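# Breakdown of the fold
Chain residues, written in single-letter form:
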Amino acid sequence: MSETAGAAPIETQILVAGAGSTGLAAALAFARAGWRVTLAGRPPAPLPGRTVALFEASVRFLESIGALEAVKAAACPIETIRMIDDTDQLLPVPDLVMRAEEIDLPAFGYNVSNDELTAILQERARAESIEIVEAEIADYDFEGDLVAARLADGRRIEAQFVIAADGRASRARNAAGIDTKEWTYPQIALTALLRHELPHDNISTEYHTRSGPFTLVPLPACGEAENRSSLVWLMSPRDARRRLAKPRAELEYELEDHAHGKLGTMTIESDIGEFRMGGMQVSRLTAGRLALVGETCHVFPPIGAQGLNLSLRDVADLEDCLASVDLRNERELSRALLRYELQRRADIGFRTHGVDLLNRSLIIPYLPIDLIRGAGFVAMTALGPLRRAVMREGVAPHLARPRLMRGEEPREPRLRGKRPRPGAELVGAAREALALLRPGRRGAGR
Ligand SMILES: Cc1cc2nc3c(=O)[nH]c(=O)nc-3n(C[C@H](O)[C@H](O)[C@H](O)COP(=O)(O)OP(=O)(O)OC[C@H]3O[C@@H](n4cnc5c(N)ncnc54)[C@H](O)[C@@H]3O)c2cc1C
């Protein structure tokens, strides 16, 4: 038996399982709202050549967890999104160009390296009062009014509630008995960071090809390299193998070709990442004292940069639903979780099916589907109000407007950002002391 196995359990209110970007974001959101949070999981492995585009609602979320300035300093704004039908379909389809200024935003969002994003969130988490346990969770016991998690090193964590952010093969989800439906696409995504000759002008370009999208997303300058972008390129597994076996210079020519020479000559500056494409849906988002967030409850191909944006909406919505709940009160908790379940279903379903439909419409050459997709491009190009509605829905969906995405601050006990009135510190301290004595949600001993 290991030395830690006999030690007293770690007691907490909220256990966040999984320290990837969603888990870190969840730990920060709940800790800043005053909950006692333990984050369990090993730091995520580096993701070669991977970046993530985070849109307006996520930008507000990052602001509310105090991470926006650091992310902005490492990221490039995306001011324009251009979609180009490159399928050689029968009828010519206009390029669809969407500008953030059309919906009164300086940018749709920011593109940042995954590794830099997790490093920033880790640093923020260390600065908050979050207990970080760098170990995997081996199993769970959901009996009774506490959840017991046994760590791989033998330690135990007892929590009133578990937020499962342990990825697509979630052990927490399996232990809670939540079913999944999984499928695969005959596609691999290759990712890389690129340097190029010509400026990107903060434009993200998605070329829709018969093997899936070929997407270039702007990155900030780095040292000598003025012009940089990240690549997400979907293709068949056979093409991926062929391309990965090529000398770099040949692959770079092929990249220039796919980008129609718009960014000039290209150099691959990172390792090349390789990700198998699949999809997943879950039967439920909650069970007893557990809620799923991030890739534990939705997986789909990286088209339209939706995955982590959706995950942050899960987190912000859950924080909203649990805000005034006493976790020991089963009735209150189950009502809050029902609300979470209902609120998230539509948003998650809409994104999963939307991405699936667009992806299949590209890889299955079928004239009527080509015509419908083409008509969509024509309508969006011609009709300003439709285009603006789609843009707004893409960056800040109206169905999911949790408080942390409306630019509001955690309710209590913090007074961040507000100019303290004379004596406010004393009043704040008294409120915090009272909150600790109250048998409500913030008591440390619960
Ligand atoms: C090529 C590509 C490009 C993408 N681009 C974008 C984009 O531009 N915009 C966007 O919004 N999304 C994008 N996505 C999606 C986004 O990257 C993912 O949705 C996001 O990274 C998922 O994060 P997560 O934290 O939910 O899961 P993960 O990153 O999988 O994290 C799960 C964590 O849980 C840990 N874990 C697993 N088991 C246990 C256990 N038993 N105990 C403790 N910890 C455990 C793992 O070690 C891991 O650290 C992209 C995805 C791909 C593949």
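Note that the coordinates shown come from a computational prediction; the quantities given were computed from them, not determined experimentally.

### Let's talk about the nonpolar core
Residues Phe-61, Phe-108, Phe-161, Leu-318 and Leu-322 are the most contacted members of the largest nonpolar core, which totals 103 residues. Counting residues in each nonpolar core, the second largest holds 18 residues, with Tyr-207, Phe-214, Leu-231 and Leu-263 among its members.

### Quick notes on the environment of Arg-339
Along the polypeptide, Arg-339 turns up in helix α9 (residues 330-363). In contact with Arg-339, other than residues within four places in its own chain, are Asp-320 and Cys-321.

### Some words on the packing of helix α8 (residues 307-322) against α9
In contact at an axis separation of 9 Å, α8 and α9 are set at 160° when each is read in the N-to-C sense. The pairing of α8 with α9 is recorded here as roughly antiparallel in orientation. Considering how the two elements wind past one another, α8 and α9 form a crossing that is right-handed. Seen from α8, the contacting residues are Leu-310, Arg-313, Asp-314, Asp-317, Leu-318, Asp-320, Cys-321 and Leu-322; seen from α9, they are Leu-333, Ala-336, Leu-337, Arg-339, Tyr-340, Gln-343, Arg-344, Asp-347, Ile-348 and Arg-351.

### Some remarks on the site of the ligand
Residues in contact with the ligand amount to 26 residues; listed here are only the nearest, Thr-22, Arg-50, Ala-53, Ile-137 and Leu-308. Between Thr-22 and the ligand, the recorded distance is 2.8 Å, taken from a side-chain N or O atom to an oxygen atom. Within the backbone of Ile-137, an N or O atom sits 2.9 Å from a nitrogen atom of the ligand. Coverage of the ligand by the protein chains reaches 85% of its 1,000 Å² of free accessible surface.

### Quick notes on the confidence of the model for the protein
When pLDDT is averaged along the protein, the result is 88, and 89% of the positions lie at 70 or above. Contacts of residues 413-446 to residues separated by more than four positions or lying in other chains number 45 contacts, the stretch itself having pLDDT below 50.

### As for the sheet that holds strand β4 (residues 76-78)
Strands belonging to one sheet form pairs held by backbone hydrogen bonds; the direction of such a pair is parallel or antiparallel. The strand order across the open sheet formed by three strands is β3-β7-β4, and the pairing between neighbours is antiparallel. Each of the sheet's edge strands pairs with one partner strand only, and the pair in question is β3 (51-55) and β4. For this sheet, the mean inter-axis angle between neighbouring strands, taken without regard to orientation, is 30°. Each of β3 and β7 (109-113) touches helix α2 (residues 56-64); the most contacted strand, β3, lies at about 95° to it.

### Concerning the side chain of His-298
In this structure, His-298 sits in the loop between β19 (290-292) and α8. Classification of His-298 as buried rests on a relative accessible area of 2%. A distance of 3.4 Å separates the side chain of His-298 from the backbone oxygen of Gly-294, its partner in a polar contact. Here Asp-314 takes part through its side chain, which lies 2.7 Å from a polar atom of the side chain of His-298. Sequence-distant contacts of His-298, defined by excluding residues within four places in its chain, comprise Met-280, Gly-307, Leu-310, Ser-311, Asp-314, Ile-348 and Thr-352.

### Some details on the pattern of salt bridges
One pass over the structure, following the stated rule, counts 29 salt bridges. For Arg-156, the salt bridge identified is with Glu-158, shortest N-O distance 2.9 Å. Between Asp-347 and Arg-344 there is a salt bridge, with its nearest N and O atoms 3.0 Å apart. One end of the pair, Asp-347, and the other, Arg-344, are both in helix α9, three residues apart, so they sit about a helical turn from each other. As far as the burial class goes, Asp-347 and Arg-344 line up, both buried. In the salt-bridge network here, residues are joined through shared partners; they are Arg-313, Asp-314, Asp-317, Arg-344, Asp-347, Arg-351 and Glu-393.

Thresholds, definitions, all that
- Residues numbered from 1 in each chain as written.
- Predicted model: local features only at pLDDT ≥ 70, side-chain atom pairs only at ≥ 80, totals over all residues.
- Heavy atoms only, no water.
- Core = buried A, V, L, I, M, F, W, Y, C linked by side-chain atoms within 4.5 Å.
- Buried < 20%, exposed > 50% of the residue type's maximum accessible area, 1.4 Å probe, protein only.
- Helix = DSSP H or I, 4+ residues; strand = E, 2+ residues; numbered from the N terminus.
- Contact = heavy atoms within 4.5 Å.
- Axes fitted to C-alpha atoms, helices over the stretch in contact; angles between N-to-C directions.
- Parallel < 35°, antiparallel > 145°, perpendicular 65-115°, else oblique.
- Left-handed = near helix turned anticlockwise from the far one by under 90°.
- Near = heavy atom within 4 Å.
- Polar contact = N/O pair within 3.5 Å; in protein donor to acceptor, adjacent residues only side chain to side chain.
- Areas by Shrake-Rupley, 256 points an atom, 1.4 Å probe, with all protein chains shown as cover.
- pLDDT = per-residue confidence, 0-100.
- Pairing = 2+ DSSP bridges.
- Salt bridge = Lys/Arg side-chain N within 4 Å of Asp/Glu carboxyl O.

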